[in-house]
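Residues per chain, in single letters:
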Amino acid sequence: MKKLSEALSSQIGRKVLTGITGLGLIGFVIVHLAGNLLLLTRNPELFNNYAHKLESLGIVLYIAEFGLLALVLTHAAIGISIFLKKSSTRGSRYEVNGSAGGTSHQTLSSRTMAITGTVLFLFIVLHIMHMKFGVFDSATDRSITLHGEPATDLFGRVNAAFSNLSTVLLYCVAMIMLGLHLRHGFWSAFQSLGIAFPKYTKGLYCLGVLTALFIALGFLIIPIYLYVAQA
């Protein structure tokens, strides 16, 4: 914790941690999307088997979840510290509203990182409460048996959630925020790590835009498709 505190108080350390945690979270989001796309098959057994295999990893899953939690909290802490520092040194958070050009890439995405980051953090908390712990699940029992072992009907939980238009709309808003956050965050991560060399800057920026679109659209398709399929 002491080393982490020292890193967060150092400008260079914060940049490095921002890049590492940002890329780590992007990697997780891509893997998470790949698994969630199984929902488009509308095959409960296929998706529930996938979810059950993850749960059966036991201690490995707990370690992965702890590592993910550490990434999220560290990334959020750095984001908050950067936002507060900028707020204290500027008369206005959005002092510059146009594109700065060059390598700064001032855009709507870069100017709203604090907003989209906050929305995503709240979404993550609610998403875990809902999908992992069933806090907002209207069903009293989601217990099923897979291969002779007790399991949760996660497909049923997701399908039920996306039969509600309000839930679908809220989820879509969150995914749009994710796309905006990633559009700037992807390129910024490489810049923070000091490897966004001038000759690669344009390519990395374009790759960031494409990655953000791919991830956001991938997640947006799922609730919309499941809602329409049940309509």
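Higher on the page you've got the structure.
Criteria and thresholds
- Residues numbered from 1 in each chain as written.
- Predicted model: local features only at pLDDT ≥ 70, side-chain atom pairs only at ≥ 80, totals over all residues.
- Heavy atoms only, no water.
- Phe/Tyr/Trp six-rings, centres within 6.5 Å; stacked < 30°, edge-to-face > 60°.
- Buried < 20%, exposed > 50% of the residue type's maximum accessible area, 1.4 Å probe, protein only.
- Helix = DSSP H or I, 4+ residues; strand = E, 2+ residues; numbered from the N terminus.
- Polar contact = N/O pair within 3.5 Å; in protein donor to acceptor, adjacent residues only side chain to side chain.
- Contact = heavy atoms within 4.5 Å.
- Axes fitted to C-alpha atoms, helices over the stretch in contact; angles between N-to-C directions.
- Parallel < 35°, antiparallel > 145°, perpendicular 65-115°, else oblique.
- Left-handed = near helix turned anticlockwise from the far one by under 90°.
- Nonpolar A, V, L, I, M, F, W, Y, C, P; charged D, E, K, R; others polar.
- 1 Å grid on protein atoms, 1.4 Å probe; cavity = no way out; pocket = protein on both sides within 12 Å on 5 of 7 lines; lining within 4 Å.
- Points joined across faces, edges and corners; volume = space filled by probe spheres on them.
- Expected span 1.5 Å × (residues − 1).

S.K.: Lay out the packing of aromatic side chains in plain terms, naming residues and giving numbers.
M.R.: Geometrically, a pair of aromatic rings is defined through the distance of the ring centres and the angle of the planes. Throughout the structure, instances matching the rule amount to five aromatic pairs. An angle of 75° between the planes, with centres 5.1 Å apart, marks the rings of Phe162 and Tyr171 as edge-to-face. What makes Phe162 buried here is its relative accessible area of 4%. You can call Tyr171 buried: its relative accessible area is 9%. A ring pair is formed by Phe186 and Phe190, whose centres lie 5.3 Å apart and whose planes are at 55°; its orientation type is tilted. With Phe186 and Phe190 both in helix α8 (residues 165-192), this residue pair falls four residues apart, about one helical turn. Here Phe186 and Phe190 have matching classes, each one buried.

S.K.: Tell me about the side chain of Arg142, residues and numbers included.
M.R.: Secondary-structure assignment places Arg142 in the loop between α6 (113-132) and β1 (143-146). Given the relative accessible area of 17%, Arg142 is considered buried. Within the structure, the side chain of Arg142 is placed 2.8 Å from the side chain of Asp137, a separation counted as a polar contact. What Arg142 contacts, discounting residues up to four positions off in sequence, is Asp137, Ala151, Thr152, Asp153, Gly156, Arg157 and Ala160.

S.K.: Would you mind going over the packing of helix α4 (residues 59-89) against α6 in detail, with residue names and values included?
M.R.: Relative to each other, α4 and α6 sit at 155°, their axes nearing to 10 Å. On the basis of the axis angle, α4 is roughly antiparallel to α6. Our pair here, α4 against α6, has a crossing hand that is left-handed. Mapping the contact onto sequence places Glu65, Val72, Leu73, Ala76 and Phe83 in α4 and Ala114, Phe121 and Lys132 in α6. Of the residues that constitute the contact of α4 with α6, the class distribution is six nonpolar, no polar and two charged.

S.K.: Tell me what's going on with the layout of surface pockets, and back it up with residues and numbers.
M.R.: Approximately 450 Å³ is the volume attributed to the second largest pocket. The set of elements that each furnish at least two residues to the lining of the second largest pocket consists of α6, α7 (154-161) and α8. Among the elements that make up the lining of the second largest pocket, the one with the highest residue count is α6 (six residues). Class assignment of the residues belonging to the lining of the second largest pocket gives a composition of eleven nonpolar, five polar and two charged.

S.K.: Now, about helix α3 (residues 44-55): what can you tell me, with residues and values included?
M.R.: In this model, α3 (twelve residues) spans 16 Å end to end at C-alpha, consistent with the 16 Å of a helix rising 1.5 Å per residue. The complete set of buried residues in α3 reads Phe47, Asn48, Asn49, Ala51 and His52. Elements in contact with the buried residues of α3: α2 (11-36), β1, β2 (149-152) and α7.

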